Amino acid sequence: MIFATVGTQLPFDRLLQGLESWAAHHPDVPVLAQTGACDRTYSFIRTVRHLSQTEFADRLKAARLVVAHAGMGTILSASELGKPVILMPRQARFGEHRNDHQIDTANEMRRLSNVTVVEDGQALHHALDLAVSLGFECARPIRPAQTTELDPLIAMIREFVWKDAKHDAPDNMPGERRPS
């Protein structure tokens, strides 16, 4: 299963539409997307607006690949589980965020062995096709035990993200929306 997440604050139609168009040509690959504030319906991907922290963790563990906006919580969680991640950063010029901090985040995180960064739907399709051809294995070996120059930054961000997540976690999970 591919698990996609766009966060909870803003819609991210560009990522979801790219994933939907890819899934239309790959009906044998199940895709679940946490869509946040998006009200659109999709025909080829299952969707759910919000997930509890526990349900999110369960879906992440079950996934063979994670597709996401460049949110640090998702990147850290997927990396800790050794999951390959495709990031599509939100861009201010498309009205997806108020600034381009996600581009900066993605550019730093692309150095991680399990992260691929894409800029648009066509690049997303290519990265998904490559992931399928590799059997959802990371193209480069994951090095969780090695110390890297990013470790202090990742530790600081992890502490910040998880501290805030405990206060903002939803109490329950609304039902999934399945393709019609």
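Scoring rules and cut-offs
- Residues numbered from 1 in each chain as written.
- Predicted model: local features only at pLDDT ≥ 70, side-chain atom pairs only at ≥ 80, totals over all residues.
- Heavy atoms only, no water.
- Helix = DSSP H or I, 4+ residues; strand = E, 2+ residues; numbered from the N terminus.
- Buried < 20%, exposed > 50% of the residue type's maximum accessible area, 1.4 Å probe, protein only.
- Contact = heavy atoms within 4.5 Å.
- Areas by Shrake-Rupley, 256 points an atom, 1.4 Å probe, with all protein chains shown as cover.
- Pairing = 2+ DSSP bridges.
- Axes fitted to C-alpha atoms, helices over the stretch in contact; angles between N-to-C directions.
- Core = buried A, V, L, I, M, F, W, Y, C linked by side-chain atoms within 4.5 Å.
- Arc of directions from axis to C-beta.
- Salt bridge = Lys/Arg side-chain N within 4 Å of Asp/Glu carboxyl O.
- pLDDT = per-residue confidence, 0-100.
- Phe/Tyr/Trp six-rings, centres within 6.5 Å; stacked < 30°, edge-to-face > 60°.

### Let's talk about the overall build of the chain
Alright, step 1. A count of helices and strands for the chain gives six helices and six strands.
Alright, step 2. Walking the chain from its N terminus toward its C terminus, one meets helices and strands in the order β-α-β-β-α-β-α-β-α-β-α-α.
Alright, step 3. The burial tally for the chain puts 44% of its 180 residues in the buried class.
Alright, step 4. Contacts in the chain between residues at least 24 apart in sequence constitute 67% of all its contacts with a sequence separation of at least 6.
Alright, step 5. Surface summary for the chain: the accessible area is close to 9500 Å², and the carbon and sulfur share equals 52%.

### So, the sheet that holds strand S5 (residues 85-87)
Alright, step 1. One open sheet accounts for six strands, arranged S3-S2-S1-S4-S5-S6; its pairing is parallel. Whereas interior strands pair on both sides, the edge strands pair on one side only; in this sheet they are strand S3 (46-48) and strand S6 (115-117). Across the sheet, the mean angle separating the axes of adjacent strands is 20 degrees when strand polarity is ignored.
Alright, step 2. The pairing of S5 with S6 spans three bridges and is parallel. In the sheet register, Ile86 faces S6, and the bridge partner there is Thr116.

### Focus on the side chain of Thr105
Alright, step 1. Assignment of secondary structure puts Thr105 in helix H4 (residues 101-109).
Alright, step 2. Judged by its relative accessible area of 16%, Thr105 is buried.
Alright, step 3. Setting aside anything within four residues of it in sequence, one finds Thr105 in contact with Ala70, Met72 and Ile75.

### A few points about the nonpolar core
Alright, step 1. Among the nonpolar cores identified, the biggest contains 25 residues, and Ile2, Leu65, Val67, Ile86 and Leu128 are the most heavily contacted of them.
Alright, step 2. Only strand S1 (2-5), helix H1 (13-24), strand S2 (31-34), strand S4 (65-68) and helix H5 (121-133) provide two or more residues apiece to this core.
Alright, step 3. Setting aside chain neighbours within four positions, we find Ile86 in contact with Leu65, Val66, Val67, Ala68, Thr116, Val118, Leu124, Ala127 and Leu128.
Alright, step 4. Membership of the second largest hydrophobic core comes to 23 residues, among which are Leu51, Met72, Met109 and Val117.

### Brief notes about H4
Alright, step 1. Of the residues making up H4, those classed as buried are Gln102, Thr105, Ala106 and Met109. The arc that holds every buried residue of H4, seen down its axis, measures 95 degrees, which confines them to one face.
Alright, step 2. The inward-facing, buried residues of H4 contact helix H3 (72-80), S5 and S6.

### Quick look at the pattern of salt bridges
Alright, step 1. Applying the stated rule across the entire model yields five salt bridges.
Alright, step 2. Across the pair Glu55 and Arg59 runs a salt bridge, and its minimum N-O distance is 2.6 Å. One end of the pair, Glu55, and the other, Arg59, are both in helix H2 (residues 53-62), four residues apart, so they sit about a helical turn from each other. Residues Glu55 and Arg59 agree in their burial class; the two are buried.

### Considering the confidence of the model for the chain
Alright, step 1. Averaged over every residue, the pLDDT of the chain is 81; the share at 70 or more is 78%.
Alright, step 2. Scored below 50 in pLDDT, residues 165-176 makes 16 contacts in the model with residues more than four places away or belonging to other chains.

### As for the packing of aromatic side chains
Alright, step 1. This structure, assessed with the given rule, holds one aromatic pair.
Alright, step 2. Considering the side-chain rings of Phe3 and Phe56, the 5.4 Å spacing of their centres and the 70 degrees angle between planes classify their relative orientation as edge-to-face. Of this pair, Phe3 sits in strand S1 while Phe56 sits in helix H2, placing them 53 residues apart in sequence. Across this residue pair, the class does not change: Phe3 and Phe56 are buried.

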